[in-house]
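# Overview (structure and organization)
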Amino acid sequence: MKLQSGHEVVPLEGSEKEKQLKDFQGYKDGLIRLMPGRWLLAPGFQNFADRIYNFQHKKSDVVVMTWPKFGTTWTQEIVWTMMNSPNLDHPDSNLPILTRSPFIENDIFAPALKPGEVPLSNDPFYVAFKKVCPNRNPADGVHLQLVEEFPDPRLIKTHLPFSLVSPTLLDTCKVIYVARNPKDVIVSFHHHSRILKLHDYVGSFEDFVQYFVNDDLIYGPYWLHLKEAWERKNHKNLHFIFYEDLKANPLGEIKKLNAFLNTKLTDAQLDGIVKYTSFKEMRARDNGPVFNFEHKGVKVEALNAEVVKKDGGFFRKGESGDWKNKFTNEMDAKANQWLQKNLNNLDLEFKYEIECRKNGKI
Ligand code: A3P
């Protein structure tokens, strides 16, 4: 199958498919690769790829583009609050973030609905869908249609790289790209893949590191995703944020966002948003992208309760440099090799690379 982006779809086969299925028990329908790029995605992507590629963005859209675990939710919460609730008084602010800032390709992970079938009535996404697009058929994509019909200005999340989204995206609207130290991403993604039943990773941490350096994690390759964005960094509609900078100086970074988005918030409003979007406050509100809900008295759980109890939920630690507590020397060497091979030749002032250079590590 050929997509309008020019990519050929190649389903994972043989021993590679078996290994993925054994380690990621949530990938029951297998995975697909898109060539060129070796992008690894859920098979449901094929049903939505061309619609996403041809999506009509508006000038007022703001897109938060990231690879998983780059700090997407944090950035969405900051930007949503700047755009909609600068005085922290919007009545919808406690709703799950993906119902306020929809995730354009999230339908690729949902099991396809049979004709006439509807999602569970208490599913917060479906509640938002019914409110925003009451006359649409959910089988055509709950999330994609939510984005299509969402009132302006829309704040849209994607984990897709530039090569799989609309080629006119950057010329049409503003894009915020968040990047994060790959070693912390490995730690965070490993946790995420264990807590979320969608992935249900049951393999070892060591193997997870290997998956990462082989570019064999869903949405991978990380480096190509980052490279495609970095090559566009001088475009006036693209704003780059590093998780490490946001963590070290949230007010400074939010001030830059204020200028980029032209939101014209006052210093007092910006101070309020820094506090409101701190890790402590966001974890206490716990209205991130992953949730459980009840339907007719039955609990529908997206999370592996046991892992959450033992190792924490979506808002895990919210720190830079936690990899130092988790990596063995061997894992560190593997990640450094990967970094040198894939990111060293970019004109990329990547935080981790700089740190390594200072320490004489690479
Ligand atoms: P950790 O697992 O290292 O804690 P994403 O939203 O892209 O999935 O990224 C999730 C990561 O961002 C998790 O990292 C999560 O805890 C962290 N995060 C979420 N909100 C945050 C906040 N307000 N401040 C700092 N980190 C935050």
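So, a few notes on the structure that sits alongside this text. (Residues numbered from 1 in each chain as written. Predicted model: local features only at pLDDT ≥ 70, side-chain atom pairs only at ≥ 80, totals over all residues. Heavy atoms only, no water.)

## Side note on the packing of aromatic side chains
Threshold: Aromatic rings from Phe, Tyr and Trp, taking only the six-membered ring of Trp, are treated as a pair when their centres fall within 6.5 Å; an angle between ring planes under 30 degrees marks them as stacked, one over 60 as edge-to-face, and anything in between as tilted. By the criteria applied, helices consist of DSSP H or I runs no shorter than four residues and strands consist of E runs no shorter than two, each listed in order from the N terminus. The classification of residues rests on relative accessible area computed with a 1.4 Å probe and restricted to protein chains. Under 20% of the type maximum is buried, over 50% is exposed, and intermediate values are partly exposed. In this scheme, the term charge over a ring applies when either NZ of a lysine or CZ of an arginine sits within 6 Å of the ring centre and within 35 degrees of the ring normal.
Using the criterion set out here, one finds 27 aromatic pairs in the structure. Centre to centre, the rings of Phe24 and Phe208 are 6.3 Å apart; their planes meet at 50°, and the pair counts as tilted. With Phe24 in the loop between α1 (14-23) and β2 (32-35) and Phe208 in helix α9 (residues 205-213), the pair connects residues that are 184 residues apart, well separated along the chain. Across the pair, Phe208 and Phe24 agree in class, each one buried. A ring pair is formed by Trp67 and Phe189, whose centres lie 5.4 Å apart and whose planes are at 85°; its orientation type is edge-to-face. Linking Trp67 in the loop between β4 (62-65) and α3 (72-84) with Phe189 in helix α8 (residues 182-195), this pair joins segments that are 122 residues apart in sequence. By the burial criterion, Trp67 is buried, and Phe189 matches it. The ring of Trp80 carries the charged tip of Arg100 above its face, separated from the ring centre by 4.5 Å. Across from the ring centre of Tyr243, 3.8 Å away, lies the NZ or CZ of Arg180, which sits over that ring.

## A closer look at the site of the ligand
Put simply, the rule reads: Any residue with a heavy atom positioned within 4 Å of a molecule or strand is treated as near that molecule or strand. In the analysis that follows, any N or O atom pair within 3.5 Å is treated as a polar contact, provided that within protein one partner can donate a hydrogen and the other can accept it, and provided that, for residues neighboring in sequence, both atoms belong to side chains. Accessible areas in this description were obtained via Shrake-Rupley with a 1.4 Å probe; residue shielding takes into account the shown protein chains only.
Of all residues adjacent to the ligand, which total 18 residues, the nearest are Thr72, Thr73, Ser188, Lys317 and Gly318. In this structure, an oxygen atom belonging to the ligand sits 2.6 Å away from a side-chain N or O atom of Ser188. Interatomic distance of 3.4 Å between a backbone N/O atom of Phe279 and a nitrogen atom of the ligand. Contact with the protein chains removes 98% of the 570 Å² of surface that the ligand exposes when unbound. Elements with a contribution of two residues or more to the shell around the ligand: α3 and α14 (279-285). Top contributing element to the shell around the ligand by residue count: α3, with 3 residues.

## Quick word on α8
Our working definition: Expected helix span is computed as 1.5 Å times (number of residues minus one).
Across its 14 residues, α8 extends 20 Å between first and last C-alpha, which sits within 8% of the 20 Å expected from 1.5 Å per residue. With a side-chain oxygen lying 2.8 Å from the backbone nitrogen of Lys183, the N-terminal cap of α8 falls on Asn181.

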